[in-house]
Every structure is written in C-alpha cells, then in structure tokens.
Amino acid sequence: YMKLHLKLITAMLTLVASFAANAHPLGQHAIATKSIEVQTFNEETWAELLKSGPKPAAYMFITTYCSVCPGVFKEIRDATLKSKMRPELIVVMMDAEGPNALRHASHFKGMTQLFSFDGYEPAIRSTVDPAWRNITPYVVLIDRKGGIQKGVGSPTSQSLQQWLQ
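Residues numbered from 1 in each chain as written. Predicted model: local features only at pLDDT ≥ 70, side-chain atom pairs only at ≥ 80, totals over all residues. Heavy atoms only, no water.

Caption draft 1: Highlighting the nonpolar core. Counting 25 residues, the largest nonpolar core has Met-60, Ile-76, Phe-108, Met-111 and Trp-163 as its most contacted members. With five residues, helix H3 (residues 69-81) is the largest single contributor of residues to this core. (Core = buried A, V, L, I, M, F, W, Y, C linked by side-chain atoms within 4.5 Å. Buried < 20%, exposed > 50% of the residue type's maximum accessible area, 1.4 Å probe, protein only. Helix = DSSP H or I, 4+ residues; strand = E, 2+ residues; numbered from the N terminus.)

Caption draft 2: Quick look at the state of the cysteines. Under the criterion given, the structure shown has one disulfide. With its sulfur 2.1 Å from that of its partner, Cys-66 forms a disulfide with Cys-69. When the S-S torsion is 90 degrees, as for the bridge of Cys-66 with Cys-69, the disulfide is right-handed. In this structure Cys-66 comes out as buried when scored by relative accessible area, which is 11%. Of the residues examined, Cys-69 reaches a relative accessible area of 1% and is grouped as buried. (Disulfide = S-S within 2.5 Å.)

Caption draft 3: Examining empty space enclosed by the protein more closely. Scanning the model with the defined rule gives one cavity of 30 Å³ or more in all. Together, Ala-58, Tyr-59, Met-60, Phe-73, Ile-76, Leu-89 and Ile-90 line the largest cavity. Mapped onto the lining of the largest cavity, the elements with two or more residues apiece are strand E2 (57-62), H3 and strand E3 (88-93). At three residues, the largest contribution of residues to the lining of the largest cavity is made by E2. Considered class by class, the residues forming the lining of the largest cavity number seven nonpolar, no polar and no charged. (1 Å grid on protein atoms, 1.4 Å probe; cavity = no way out; pocket = protein on both sides within 12 Å on 5 of 7 lines; lining within 4 Å. Points joined across faces, edges and corners; volume = space filled by probe spheres on them. Nonpolar A, V, L, I, M, F, W, Y, C, P; charged D, E, K, R; others polar.)

Caption draft 4: Examining the pairing of strand E5 (residues 138-142) more closely. For E5, the buried fraction is high: five of the five residues fall into the buried class. Where burial is concerned, the two faces of E5 agree: the one with Tyr-138, Val-140 and Ile-142 and the one with Val-139 and Leu-141 are both buried. Bridge count for E2 against E5 is five bridges, and the pairing is antiparallel. Directly across from Met-60, in E5, lies its bridge partner Val-139. Relative to strand E6 (residues 148-152), E5 runs antiparallel, the two sharing five bridges. Following the sheet pairing, Ile-142 is matched in E6 by Ile-148. (Pairing = 2+ DSSP bridges.)

This is the structure we're talking about:
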C-alpha cells in the first residue's frame, strides 16, 4: 500500500516538474519571433493608419474573451503563408492594455504589430466603422492599393485571395 502511494507521489511530482520546466517565466510569453510592443489605439489612430499605415495589412479587432479570435487569426496568417505577399498582421486588443495585452496576445503567433484601445471603447470603435456592433473578431483587410474589406468573423477564401493580389 505504501509503495503504491510512493509511486503515485513520484509520478505527480514528475508531472508537476515537467509543467514547470515548460512554463513561461511569470509575466512573459513568447508571442512572435520578434519583440512586440503594445501601441496605443485611440480615436485618432484609425484615420492615421488608413492614411499612412502599412499596405497590405490585416487588422483584427479582438477581445480577451473571444474564443474564436485565435482561430480566425490563424486562418488569415495561413493564407498569407501561401502567398508571395507578406502583409502586416495587426492585432488590436479592445479590452486589455500593456502587459495584460501582451499576455493575451500569446494566442496570435505571427502578428507583426499589437495595439490596445486607449479611451472610450464605443467612440474608438465608431471611428473604425460606425455600423460595427461590437462583435469580434472584426477584421479589416487593406490591400496594397488601399482597397478595404470589413467584416465579422472569418473572411471568405475569395476575400483573402482578392486582398492578397
């Protein structure tokens, strides 16, 4: 009986040690191959990005509680990997800032920029699209000529092909 308990305790300690060895240091997550800093997204940011931001680019507006957002980001990222174009893949976190945004951004491997809302969320959201009803992920694809496609959820394969031409 004691030998069984000892074996169980040993197995549990080995399992805990294995998790600890693979865990990130407190407050640090690997989110991409290059260092990402959280940039501010306020009521003026969208107009500035439309005027002089990168093209082509995908902007994905997300919340920390959005369960489908990482999967939609991966679909967009994977589409770019099959293309000759290397557009910017930009995540805009609507409900977390600073280090907290970085922690949640670990689900978006391959992103090239990270923004977080700074200010009154409904006002900032209306600068992006006054008709947007706060459903995430909200995706904006800007092609190399400045053409814009907007929508909630996964873009269609046709939209992705058009964006990447």
